[in-house]
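The residues making up each chain are set out below.
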Amino acid sequence: MLIDSSGLSKVKDSVTKTILFGNEPKPELIAILVVYFVQGILGLARLAVSFFLKDELHLSPVEVSALLGIVAIPWMIKPIFGFISDGLPIFGYRRRPYLVSSGILGAAAWISLGTIVNNSWQATIAIALSSLSVAFSDVIVDSLIVERARAETQAKAGSLQSLSWGATALGGVITAYFSGLLLEHFTTRTVFLFTAGFPLIISLVAWLIAETPISKVESENHHTNFLTVKNQIIQLRQAFSQPRIWLPTAFIFIWQSTPSGDSAFFFFFTNELHFKPEFLGRVNLVTSLASLIGIWIFQRFLKGVPFRVICSWSIIISAILRMTILLLVTHTNRTLGIDDKWFSLGDSLILAVMGQIAFMPVMVLAARICPFGIEATLFAILMSIFNLGGAVSRELGALIMHWLGITDTRFDALWLLVIITNFSALLPLLFINWLPVDKEESEITELPAVSVN
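Only a predicted model underlies this, so the values are computations on that prediction, with no experimental measurement involved.

Another point: the environment of Leu328. Take Leu328: it is sitting in helix α18 (residues 325-329). Counting along the chain gives 11 residues from Leu328 to Asp339, while the straight-line C-alpha distance between them is 9.4 Å. Apart from the residues lying within four places of it in its own chain, the contact partners of Leu328 are Phe268, Phe269, Leu273, Asn333, Asp340, Phe343 and Ser344.

Every buried residue of helix α22 (residues 414-424) is listed here: Leu414, Leu417, Val418, Thr421, Asn422 and Ser424. The buried residues of α22 all sit within an arc of 160° when viewed along its axis, so they share a single face.

A few words on the confidence of the model for the chain. Confidence in the prediction of the chain, expressed as mean pLDDT, is 78, and 80% of residues score 70 or more. When pLDDT is averaged over each element of the chain, helix α10 (residues 188-195) comes out on top at 94 and helix α1 (residues 5-18) at the bottom at 52.

In this section: the pattern of salt bridges. Under the definition given, this model contains three salt bridges. For the salt bridge of Asp340 with Arg334, the shortest nitrogen-to-oxygen distance reads 2.7 Å. Residue class for Asp340 comes out buried when judged on its relative accessible area of 9%.

What follows covers the packing of aromatic side chains. Inspection of every chain in the model, using the stated rule, returns 14 aromatic pairs. Between the aromatic rings of Tyr177 and Phe178, the centroid separation amounts to 6.1 Å while the plane-to-plane angle is 70°, which identifies the pairing as edge-to-face. Relative accessible area serves as the criterion here: at 43%, Phe178 is assigned to the partly exposed category. Between the aromatic rings of Phe268 and Phe411, the centroid separation amounts to 5.5 Å while the plane-to-plane angle is 80°, which identifies the pairing as edge-to-face. In this pair, Phe268 is assigned in helix α15 (residues 262-272) and Phe411 in the loop between α21 (375-404) and α22, connecting sequence segments 143 residues apart. Both residues of the pair, Phe268 and Phe411, belong to the buried class. Taken together, the ring pairs connect Phe268, Phe269, Phe275, Phe279 and Phe411 into an aromatic cluster. Sitting above the plane of the Phe279 ring, Lys341 keeps its charged end 5.3 Å from the centroid.

Bringing the nonpolar core into the picture now. Counting 80 residues, the largest nonpolar core has Leu53, Ile406 and Leu414 as its most contacted members. Sort the elements by how many residues they give to this core and helix α8 (residues 120-149) lands first, with 12 residues. Once residues lying within four places of it in the same chain are set aside, the contact partners of Leu53 are His58, Leu59, Val64, Leu67, Ala123 and Ile127.

Right, let's get into the packing of helix α7 (residues 96-115) against α10. Close contact between α7 and α10 brings their axes to 8 Å; oriented N to C, the two are set at 160°. Put simply, α7 runs roughly antiparallel to α10. Along this stretch, α7 crosses α10, giving a crossing that reads as left-handed. Each of Trp110, Ile111, Leu113, Gly114 and Thr115 in α7 lies in contact with α10, whose residues at this interface are Arg189, Phe192, Leu193 and Thr195. Partitioning the contact of α7 with α10 into residue classes produces five nonpolar, three polar and one charged.

The rules we used
Residues numbered from 1 in each chain as written. Predicted model: local features only at pLDDT ≥ 70, side-chain atom pairs only at ≥ 80, totals over all residues. Heavy atoms only, no water. Helix = DSSP H or I, 4+ residues; strand = E, 2+ residues; numbered from the N terminus. Contact = heavy atoms within 4.5 Å. Buried < 20%, exposed > 50% of the residue type's maximum accessible area, 1.4 Å probe, protein only. Arc of directions from axis to C-beta. pLDDT = per-residue confidence, 0-100. Salt bridge = Lys/Arg side-chain N within 4 Å of Asp/Glu carboxyl O. Phe/Tyr/Trp six-rings, centres within 6.5 Å; stacked < 30°, edge-to-face > 60°. Lys NZ or Arg CZ within 6 Å of the ring centre and 35° of its normal. Core = buried A, V, L, I, M, F, W, Y, C linked by side-chain atoms within 4.5 Å. Axes fitted to C-alpha atoms, helices over the stretch in contact; angles between N-to-C directions. Parallel < 35°, antiparallel > 145°, perpendicular 65-115°, else oblique. Left-handed = near helix turned anticlockwise from the far one by under 90°. Nonpolar A, V, L, I, M, F, W, Y, C, P; charged D, E, K, R; others polar.

Structure representation (structure tokens):
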């Protein structure tokens, strides 16, 4: 039976318009989305890591928070990976070989966690290597997205960022519930070994990346866009000499560096409220679904709203909503007849939606200010500053937890931690004028090309 080609064409057009936000489903785009999808799938081991550190290595909330700050270092040095990728091609290729290597490194890190890691230092190294794997592959696919995002029309602005983060959120949705369910039936080490197979998918799809060797480009064109490290530094200096670049970057850092008490809450949920891994998997599922909802809301209704408006209201609403956790830590929700679990699910849902809505314009802004030739490097710097703020947030949270005397069994001062962290989260509003006034101001023209000597 013959298949109606016009029917297939309509299906393809529908998928392109509704699911891919107007982007053609080419093999390279599919490969890029698979890499982001795998990043979401790796959340399968997130709960296993938390329980491994708490129950098997017997670390305290302060120690866990400090450790998580350390293992985030690869995300803070992403510019180095950008320099390497942009300036040191392997066999003439700047992207594909690094993706292959990242996948292999990630698999090795998870295998080590599942077999030979027995103390906190070994765990720190292994988790840091898994972070390195994801961070490096993230730099590569981010650069590919940035190269394409710069050519987007205003009507499609942010579509690639929404698509890529949607792929990550989808991976998180698929594995979120199983992250807790598996721990009900298997050990943390078994979950680590199972997770080890996913990074290898990145190594496989890397071969779908359409990339022309640098040497071939040079043979066809006397002028090359390949930059030496020296010329990259020159262009980066030119970029950050512009207030419209460094002011939003500084705001992003301040926004992300306010103190966080997430580690204390994990211990509170498991040791005080006795939430089981399976339920925490449900919370992860709700959070991942909420992220998808946040991406859809941004893409459908908010992509034309000025950055200042989105960020301002996101900060205010999120701080107010996070105050509701006071009802949980003081057990007031029980007096009101609200079950601990239902309260946690609802809180996670709303905050995840708000967080994703606030994050999407940051990604769009970051992509649009990256000049040609140093896409990977500059975008990596911007994201590294974002991640550095997150690490500072965790370390400040650890200091506050230590000062308040919060441990794995003492939560008397947890209410005060909630108040401190939520009022601190409002401080970035003092610097909201550092963001562009409207969308047009975010469309920064390319910097002049630096000649290669």
